[in-house]
Amino acid sequence: MLYIMNKLKMLAMMSLNIILSSSGCDKERNESSDDKLTLEKVAYNGNELRIDGYYQYYVYVDSEPYKVAPFFLYRNGVILECTLFGLDKILEMEEEFRNGSYAINAAKYKYDWGIFQINGTQIKYEKWVPTNGPFPAVTYEGVILNDTTFVITKYYRIKDIDKKAPTEVSWEYHFKQFSSKPDSTNRFIP
């Protein structure tokens with residue numbers, strides 16, 4: 001029964017993510033009504049997590065990787081998280097990073113960017129989530145297991161924290177060294 005419930009929850013999450021991702025690409029959006037990020041951007045000078053590549057998180061459906069979320073950390077406190085559907089897409093993404101074409105695409109999508117902070121073994125990041133309306137800013141918190149692995153344990157919208165409890169999750173990110181890391185310069189986070 002637990003297996004079926006987990007599968008249903010996963011399918012619902014993926015369906016919502018597809019809807020949100022596709023609706024967030026509306027070029028006629030009014031960005032000024034999006035939530036503001038509340039985390040302070042601070043330089044990351046630590047060594048709790050490696051930053052010479054990216055972290056990978058996979059969503060599995062029937063034991064097969066369905067969704068891949070490459071996650072870049074930068075010394076200036078910025079993150080870039082890309083959502084790709086299909087394991088083969090990560091190889092395409094890596095090639096786009098190598099040849100520079102991804103930077104052109106990433107510049108368009110506000111919801112790929114965010115800010116992170118590390119305090120000891122705790123990681124926290126905040127980024128926009130694509131929706132039909134204004135983009136909400138969502139905060140994610142987790143624990144660092146070692147310099148190549150961290151687990152996000154909960155997420156919430158700051159505006160809703162007084163009204164509802166954070167959503168508990170267990171998303172494990174693993175490091176992959178990658179020398180063609182894209183630049184963190186973007187128009188959304190100064």
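Refer to the structure above for everything that follows.
Caption draft 1: Just the pattern of salt bridges, in detail. Summed over the entire model, instances satisfying the criterion amount to 10 salt bridges. Across the pair aspartate 35 and arginine 157 runs a salt bridge, and its minimum N-O distance is 2.8 Å. Taken as a pair, aspartate 35 in the loop between helix H1 (2–23) and strand E1 (53–56) and arginine 157 in strand E10 (residues 149–157) lie far apart in primary sequence, 122 residues in all. Of the residues examined, arginine 157 reaches a relative accessible area of 28% and is grouped as partly exposed.

Caption draft 2: Region of the structure containing helix H2 (residues 88–99). With 12 residues, H2 ought to run about 16 Å at 1.5 Å a step, and its terminal C-alpha atoms sit 17 Å apart, in line with that. A positive backbone phi angle near 85 degrees is found at glycine 100, which sits one or two residues after H2.

Caption draft 3: Layout of the packing of aromatic side chains. Throughout the structure, instances matching the rule amount to 20 aromatic pairs. Centre to centre, the rings of tyrosine 125 and tyrosine 140 are 4.7 Å apart; their planes meet at 15 degrees, and the pair counts as stacked. Of this pair, tyrosine 125 sits in strand E8 (residues 122–128) while tyrosine 140 sits in strand E9 (residues 137–146), and the two are 15 residues apart along the sequence. Both residues of the pair, tyrosine 125 and tyrosine 140, count as buried. Here a set of aromatic residues connected by ring pairs shows up, and it is made of Tyr55, Tyr57, Phe71, Tyr125, Tyr140, Phe150, Tyr155, Trp171, Tyr173 and Phe175. Directly above the aromatic system of tryptophan 128 lies the positively charged group of lysine 110, at a separation of 4.6 Å from the ring centroid. In this structure, lysine 181 is placed above the aromatic ring of tyrosine 74, and the distance from its NZ or CZ to the ring centre is 4.5 Å.

Caption draft 4: Structural view of the pairing of E10. Here E9 pairs with E10 via 8 bridges, running antiparallel. Residue pairing across strands places asparagine 146 opposite threonine 149, the latter belonging to E10. Here E9 hands over to E10 after 2 residues, the two strands then running antiparallel side by side. Taken together, the 6 bridges between E10 and strand E11 (residues 167–177) define a ladder with antiparallel strand orientation. Bridge pairing in E11 links threonine 149 to histidine 174.

Caption draft 5: Representation of the side chain of asparagine 186 in the model. Relative to the helices and strands, asparagine 186 is located in the segment after E11. Here the side chain of asparagine 186 touches serine 184 through a polar contact of 3.0 Å, landing on its backbone oxygen. A polar side-chain atom of asparagine 186 sits 2.8 Å from the main-chain amide nitrogen of phenylalanine 188. In this structure asparagine 186 touches Val78 and Trp113, once residues within four positions along its chain are discounted.

Caption draft 6: How the structure looks around the side chain of aspartate 34. Secondary-structure assignment places aspartate 34 in the loop between H1 and E1. Overall, the relative accessible area of 3% leaves aspartate 34 in the buried class. Here the side chain of aspartate 34 touches lysine 110 through a polar contact of 3.0 Å, side chain to side chain. Here the side chain of aspartate 34 touches phenylalanine 135 through a polar contact of 2.7 Å, landing on its backbone nitrogen.

Caption draft 7: Fine view of the nonpolar core. Judged by nonpolar contacts, the single largest core of 24 residues is most densely connected at Leu49, Phe150, Ile152 and Tyr173. For this core, the leading source of residues is E11, giving 4 residues. Those residues within four positions of isoleucine 152 in sequence are excluded, and the remaining contacts are Ile123, Tyr125, Tyr140, Glu141, Gly142, Val169, Ser170, Trp171 and Tyr173. Ranked by size, the runner-up nonpolar core spans 22 residues in total, among them Leu37, Val68, Ile115 and Phe178.

The rules behind the values
- Residues numbered from 1 in each chain as written.
- Predicted model: local features only at pLDDT ≥ 70, side-chain atom pairs only at ≥ 80, totals over all residues.
- Heavy atoms only, no water.
- Salt bridge = Lys/Arg side-chain N within 4 Å of Asp/Glu carboxyl O.
- Helix = DSSP H or I, 4+ residues; strand = E, 2+ residues; numbered from the N terminus.
- Buried < 20%, exposed > 50% of the residue type's maximum accessible area, 1.4 Å probe, protein only.
- Expected span 1.5 Å × (residues − 1).
- Phe/Tyr/Trp six-rings, centres within 6.5 Å; stacked < 30°, edge-to-face > 60°.
- Lys NZ or Arg CZ within 6 Å of the ring centre and 35° of its normal.
- Pairing = 2+ DSSP bridges.
- Polar contact = N/O pair within 3.5 Å; in protein donor to acceptor, adjacent residues only side chain to side chain.
- Contact = heavy atoms within 4.5 Å.
- Core = buried A, V, L, I, M, F, W, Y, C linked by side-chain atoms within 4.5 Å.

Purely geometric numbers; function is a separate question.
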